[in-house]
Amino acid sequence: MRYLLFVILFLPFAGLAQRQVAITMDDAPVMALPEYYTAGQRKAVSEKLLQQINALRTPVSVFIVGDNCIAPDNQLLLKKWVDNPLITLGSHTLHHPNCADLSIDSFKMEVMINDYIIRAVAKDKPVPYFRFPYNAMGKDSMAQAERTGYLKEKGYTAVPFTIESNDYLFERYYQDALRAKDNRKAKAIGEAYIRYTLFSFDYFEKLAREIFGRDIPQVYLCHVNQLNADHYTALVKALQQRGYRCVSLQQAMQDNVYNTPLYDHSPYGFSWLFRWIPDAAIRKTHLRNSPESDKELAAFK
Ligand SMILES: [Zn+2]
């Protein structure tokens with residue numbers, strides 16, 4: 001009887017305990033929107049995030065934009081990320097352009113100069129990853145192969161993501177509410193962000209099961225910004241409640257699904273789960289029905 005009770009109580013969670021997520025943050029050391037952030041705010045955002053990453057002991061991969069590092073204060077911020085053993089480094093180009101619009105030579109320049117800036121601070125710490133801004137890898141399969149081939153030569157792995165939740169859109173509304181000193185609204189936006197993130201996880205978990213017949217280690221894409229600095233702990237706790245363990249990007253990408261060929265080479269920023277669907281008609285249907293944050297955000301206009 002006691003055994004039966006154990007099975008009834010814990011079996012539904014047995015599968016969930018295996019879930020893995022790698023958290024990845026773009027636009028490090030901090031999103032440099034001058035209209036939103038003073039130097040003091042950039043420092044505060046960066047430190048607040050690192051404190052929580054340390055307290056929760058969650059590995060995070062960050063993708064660095066050289067342009068965000070050039071001011072002396074920002075180099076110090078980057079150093080804080082570099083020195084943290086929980087942080088893995090990645091490049092995210094010098095100016096954050098849409099690489100599908102760049103010639104191959106301009107693209108190489110974006111990578112090379114960014115490499116120089118990051119390594120000036122990172123010294124011996126490896127920089128194994130690269131993420132394309134807007135996840136636009138090139139205008140077609142040939143351009144994409146040329147760019148990823150060049151990255152490989154330079155020692156970078158171009159990385160995918162499977163889940164995102166438009167945190168940069170929530171961030172804009174959040175910043176406006178903070179600047180208007182409307183704390184109630186800011187709190188509601190933060191809650192909506194977590195709610196929509198969980199909704200997105202639910203959608204992409206189902207999609208992964210449909211494509212691969214099982215749960216996969218997910219790669220969550222968000223940004224180094226005020227919204228995540230203020231909600232990182234809530235986000236991680238909510239994911240842990242869903243049965244997730246935070247793992248490094250390297251560990252997540254050891255799963256064989258990350259060797260799946262891409263069947264879609266359009267230059268748009270959607271999840272790799274869509275790109276891994278072989279049938280174009282099925283892929284289109286899924287894309288049409290994918291989560292939209294408009295409804296959540298409409299309340300805050
Ligand atoms: Zn970015």
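Coordinates for the structure precede this section.
Attention here is on the structure that accompanies the text.

Rules and cut-offs
- Residues numbered from 1 in each chain as written.
- Predicted model: local features only at pLDDT ≥ 70, side-chain atom pairs only at ≥ 80, totals over all residues.
- Heavy atoms only, no water.
- Salt bridge = Lys/Arg side-chain N within 4 Å of Asp/Glu carboxyl O.
- Helix = DSSP H or I, 4+ residues; strand = E, 2+ residues; numbered from the N terminus.
- Buried < 20%, exposed > 50% of the residue type's maximum accessible area, 1.4 Å probe, protein only.
- Phe/Tyr/Trp six-rings, centres within 6.5 Å; stacked < 30°, edge-to-face > 60°.
- Polar contact = N/O pair within 3.5 Å; in protein donor to acceptor, adjacent residues only side chain to side chain.
- Axes fitted to C-alpha atoms, helices over the stretch in contact; angles between N-to-C directions.
- Parallel < 35°, antiparallel > 145°, perpendicular 65-115°, else oblique.
- Left-handed = near helix turned anticlockwise from the far one by under 90°.
- Contact = heavy atoms within 4.5 Å.
- Nonpolar A, V, L, I, M, F, W, Y, C, P; charged D, E, K, R; others polar.
- 1 Å grid on protein atoms, 1.4 Å probe; cavity = no way out; pocket = protein on both sides within 12 Å on 5 of 7 lines; lining within 4 Å.
- Points joined across faces, edges and corners; volume = space filled by probe spheres on them.
- Disulfide = S-S within 2.5 Å.
- Patch = residues over 30% accessible without salt bridge, like charges linked within 9 Å, V, L, I, M, F, W, Y side chains within 5 Å.
- Areas by Shrake-Rupley, 256 points an atom, 1.4 Å probe, with all protein chains shown as cover.
- Expected span 1.5 Å × (residues − 1).
- Arc of directions from axis to C-beta.

Turning next to the pattern of salt bridges. The full count for this structure, using the stated rule, is 19 salt bridges. In this structure, Arg-131 and Asp-26 form a salt bridge, with 2.7 Å as the shortest nitrogen-oxygen distance. A residue pair is termed long-range when its members are at least 10 positions apart, and Arg-131 in the loop between strand 4 (129–130) and helix 5 (141–153) and Asp-26 in strand 1 (residues 19–28) qualify at 105 residues. Residue classification places Arg-131 among the buried positions, given a relative accessible area of 0%. Here Asp-26 falls in the buried class, since its relative accessible area comes to 3%. Each member of the salt-bridge network shares a partner with another, and the members are Arg-19, Asp-202, Glu-205, Lys-206, Arg-209, Asp-215 and Arg-242.

Let us look at the packing of aromatic side chains. Inspection of the entire model under this criterion finds 16 aromatic pairs. Summarising the aromatic geometry, the rings of Tyr-203 and Phe-204 are spaced 5.0 Å apart at their centres and angled 90 degrees between planes, so their arrangement reads as edge-to-face. The exposure class assigned to Tyr-203 is buried, which follows from its relative accessible area of 18%. What makes Phe-204 buried here is its relative accessible area of 6%. Here Phe-270 and Phe-274 contribute two aromatic rings whose centre-to-centre distance is 6.0 Å and whose plane-to-plane angle is 90 degrees, an arrangement assigned as edge-to-face. Here Phe-270 matches Phe-274 in class, with each residue buried.

This paragraph deals with the side chain of Gln-52. Along the chain, Gln-52 falls in helix 2 (residues 39–56). At 2.7 Å, the side chain of Gln-52 and the side chain of Thr-233 are in polar contact.

Our focus in this paragraph is the packing of helix 2 against helix 8 (residues 226–241). It is the contact of helix 2 with helix 8, at a shortest axis distance of 7 Å, that shows an interaxial angle of 15 degrees. With respect to helix 8, the axis of helix 2 lies roughly parallel. Crossing of helix 2 against helix 8: the hand is left-handed. Taken together, the residues of helix 8 that come into contact with helix 2 (itself represented by Val-45, Lys-48, Leu-49, Gln-52, Ile-53 and Leu-56) are Gln-226, Asn-228, Ala-229, Asp-230, Tyr-232, Thr-233, Val-236 and Lys-237. A per-class count over the contact of helix 2 with helix 8 returns 7 nonpolar, 4 polar and 3 charged.

All right, on to the layout of surface pockets then. Considered as a void within the structure, the largest pocket measures approximately 910 Å³ in volume. Around the largest pocket sit 34 residues that line it, and Tyr-134, Glu-164, Asn-166, Tyr-168 and His-223 are the ones nearest its centre. Secondary-structure elements contributing two or more residues to the lining of the largest pocket are strand 1, helix 6 (167–179), helix 7 (183–212) and strand 7 (218–223). Counting residues per element, the lining of the largest pocket draws most heavily on helix 7, which supplies 3 residues. Residues that form the lining of the largest pocket fall into these classes: 16 nonpolar, 11 polar and 7 charged. Volume-wise, the second largest pocket comes out at about 390 Å³. Along the wall of the second largest pocket there are 18 residues; nearest its centre are Thr-148, Ala-158, Tyr-258, Leu-262 and Trp-272. For the lining of the second largest pocket, the elements supplying multiple residues, two or more each, are helix 5 and strand 5 (157–158). Top contributing element to the lining of the second largest pocket by residue count: helix 5, with 4 residues.

With that settled, consider unusual backbone geometry. Between Ala-28 and Pro-29 the backbone carries a cis peptide bond, its omega angle lying at 5 degrees. Here Pro-29 lies in the loop between strand 1 and helix 2. Positive phi is not limited to glycine here, since Thr-93 has a value of about 75 degrees. In this fold, Thr-93 is placed in the loop between strand 3 (87–91) and helix 4 (104–122). In this structure, Asn-166 is a non-glycine residue whose phi angle is positive, near 50 degrees.

With the rule as written, the count across this model stands at 0 disulfides. Summary of cysteine pairing: Cys-222 is not part of a disulfide, and the nearest cysteine sulfur, belonging to Cys-246, is at 11 Å. Given the relative accessible area of 13%, Cys-246 is considered buried.

Right, let's talk about a nonpolar patch on the surface for a bit. Together, Met-109, Met-112 and Ile-113 make up an exposed nonpolar region whose accessible area comes to about 260 Å². Looking at the secondary structure, you find Ile-113 in helix 4. Classification of Ile-113 by relative accessible area gives partly exposed; the value is 35%.

Bringing helix 3 (residues 72–83) into the picture now. Helix length check: helix 3 (12 residues) gives 17 Å between terminal C-alpha atoms against 16 Å at 1.5 Å per residue, within 8%. Here helix 3 has its buried residues at Asn-74, Leu-77, Leu-78, Trp-81 and Val-82. Relative to the axis of helix 3, the buried residues are bounded by an arc of 145 degrees and lie together on one face. Among the exposed residues of helix 3, those pointing more than 90 degrees away from its buried face are Pro-72, Leu-76 and Asp-83.

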